[in-house]
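# Fold and contact review
Residue strings, one per chain:
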Amino acid sequence: VQLQASGGGLVQAGGSLRLSCAASGATNIINVIGWYHQAPGKERELVATISDGGRTEYTDAVIGRFTASRDNAKTTLLLDMNSLKPEDTAVYYCKVDSYPHFGFQAFWGQGTLVTVSS
């Protein structure tokens, strides 16, 4: 599976951005989808997940502000970010995990930088 992320950029606090991740290749093996971010000098952290059944979960810091979604074919993965704060500044990554019977494979996108100015 190949993942191509896009949509990052510079935005003022309170603004919005939409991140996209285009999945290609063996997308039939995709199970769980995740969005992560990594702020400067910090470890990569989970932001949101979408289960195979479409259930979404979010880290507390983004609840009510971010929305993760995907199409039924799991080829377009989205993260809508609203009411952005300077502390949201980070490189954002999409990740997909395969179904267990495909060997618990994980695939990462290349990351897209989000900068929120105060």
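Note that the structure is predicted; figures quoted are calculated from it, not measured. (Residues numbered from 1 in each chain as written. Predicted model: local features only at pLDDT ≥ 70, side-chain atom pairs only at ≥ 80, totals over all residues. Heavy atoms only, no water.)

### Description of the pattern of salt bridges
The final tally for this structure, using the stated rule, is five salt bridges. We note a salt bridge from Arg55 to Glu57, for which the minimum N-O separation is 3.7 Å. Judged by its relative accessible area of 60%, Arg55 falls in the exposed class. Among the residues examined, Glu57 registers a relative accessible area of 44% and is labelled partly exposed. Where Lys95 meets Asp97, a salt bridge forms, and the shortest distance between an N and an O atom there is 3.4 Å. Lys95 gets classed as buried once you look at its relative accessible area, which sits at 14%. (Salt bridge = Lys/Arg side-chain N within 4 Å of Asp/Glu carboxyl O. Buried < 20%, exposed > 50% of the residue type's maximum accessible area, 1.4 Å probe, protein only.)

### A closer look at the nonpolar core
In this structure, Leu3, Trp35, Phe66, Leu79, Met81, Tyr92 and Val96 are the most contacted members of the largest nonpolar core, which totals 30 residues. Elements with a minimum of two residues in this core: β1 (2–6), β3 (17–24), β4 (30–38), β5 (45–50), β7 (66–70), β8 (76–81), β9 (90–98) and β11 (112–117). Not counting chain neighbours up to four residues away, the residues in contact with Leu3 comprise Cys21, Ala22, Ala23, Leu77, Cys94, Lys95, Val96, Phe107, Trp108, Gly109 and Gln110. (Core = buried A, V, L, I, M, F, W, Y, C linked by side-chain atoms within 4.5 Å. Helix = DSSP H or I, 4+ residues; strand = E, 2+ residues; numbered from the N terminus. Contact = heavy atoms within 4.5 Å.)

### Re the side chain of Lys74
Inspection of the secondary structure assignment puts Lys74 in the loop between β7 and β8. If we skip the residues at most four places from it in the chain, Lys74 touches Ala23, Thr27, Ile30, Asn31, Asp52 and Tyr99.

### Looking at the sheet that holds β1
Read from one edge to the other, the open sheet built from four strands follows the order β1-β3-β8-β7, with strand pairing classed as antiparallel. Each edge of the sheet is formed by a strand with only one pairing partner; in this case those strands are β1 and β7. With direction set aside, neighbouring strand axes in the sheet form an average angle of 15 degrees. Here β3 runs beside β8; their pairing, made up of six bridges, is antiparallel. Paired with Leu19 across the bridge in β8 is Leu79. (Pairing = 2+ DSSP bridges. Axes fitted to C-alpha atoms, helices over the stretch in contact; angles between N-to-C directions.)

### A few points about the layout of surface pockets
Quantified by volume, the largest pocket comes out at close to 240 Å³. In terms of lining residues, the largest pocket is bounded by 16 residues, among which His37, Glu45, Ala61, Glu87 and Asp88 are the most central. When the residues that make up the lining of the largest pocket are grouped by side-chain class, the tally is six nonpolar, three polar and seven charged. (1 Å grid on protein atoms, 1.4 Å probe; cavity = no way out; pocket = protein on both sides within 12 Å on 5 of 7 lines; lining within 4 Å. Points joined across faces, edges and corners; volume = space filled by probe spheres on them. Nonpolar A, V, L, I, M, F, W, Y, C, P; charged D, E, K, R; others polar.)

### Topic: the packing of aromatic side chains
Taken as a whole, this structure holds two aromatic pairs when the rule is applied. Ring plane angle 85 degrees and centroid distance 6.2 Å describe the contact between Tyr93 and Trp108, whose orientation is recorded as edge-to-face. Taken together, the residues span a long stretch of sequence, with Tyr93 in strand β9 and Trp108 in strand β10 (residues 106–108) at a distance of 15 residues. With relative accessibility at 13%, the residue Tyr93 sits in the buried group. Joined through ring pairs, the aromatic side chains of Tyr36, Tyr93 and Trp108 make up one cluster. We note Arg44 situated over the ring of Tyr93; from NZ or CZ to the ring centre the distance is 3.6 Å. Over the ring of Trp108 we find Arg44; its NZ or CZ atom is 4.6 Å from the centre of that ring. (Phe/Tyr/Trp six-rings, centres within 6.5 Å; stacked < 30°, edge-to-face > 60°. Lys NZ or Arg CZ within 6 Å of the ring centre and 35° of its normal.)

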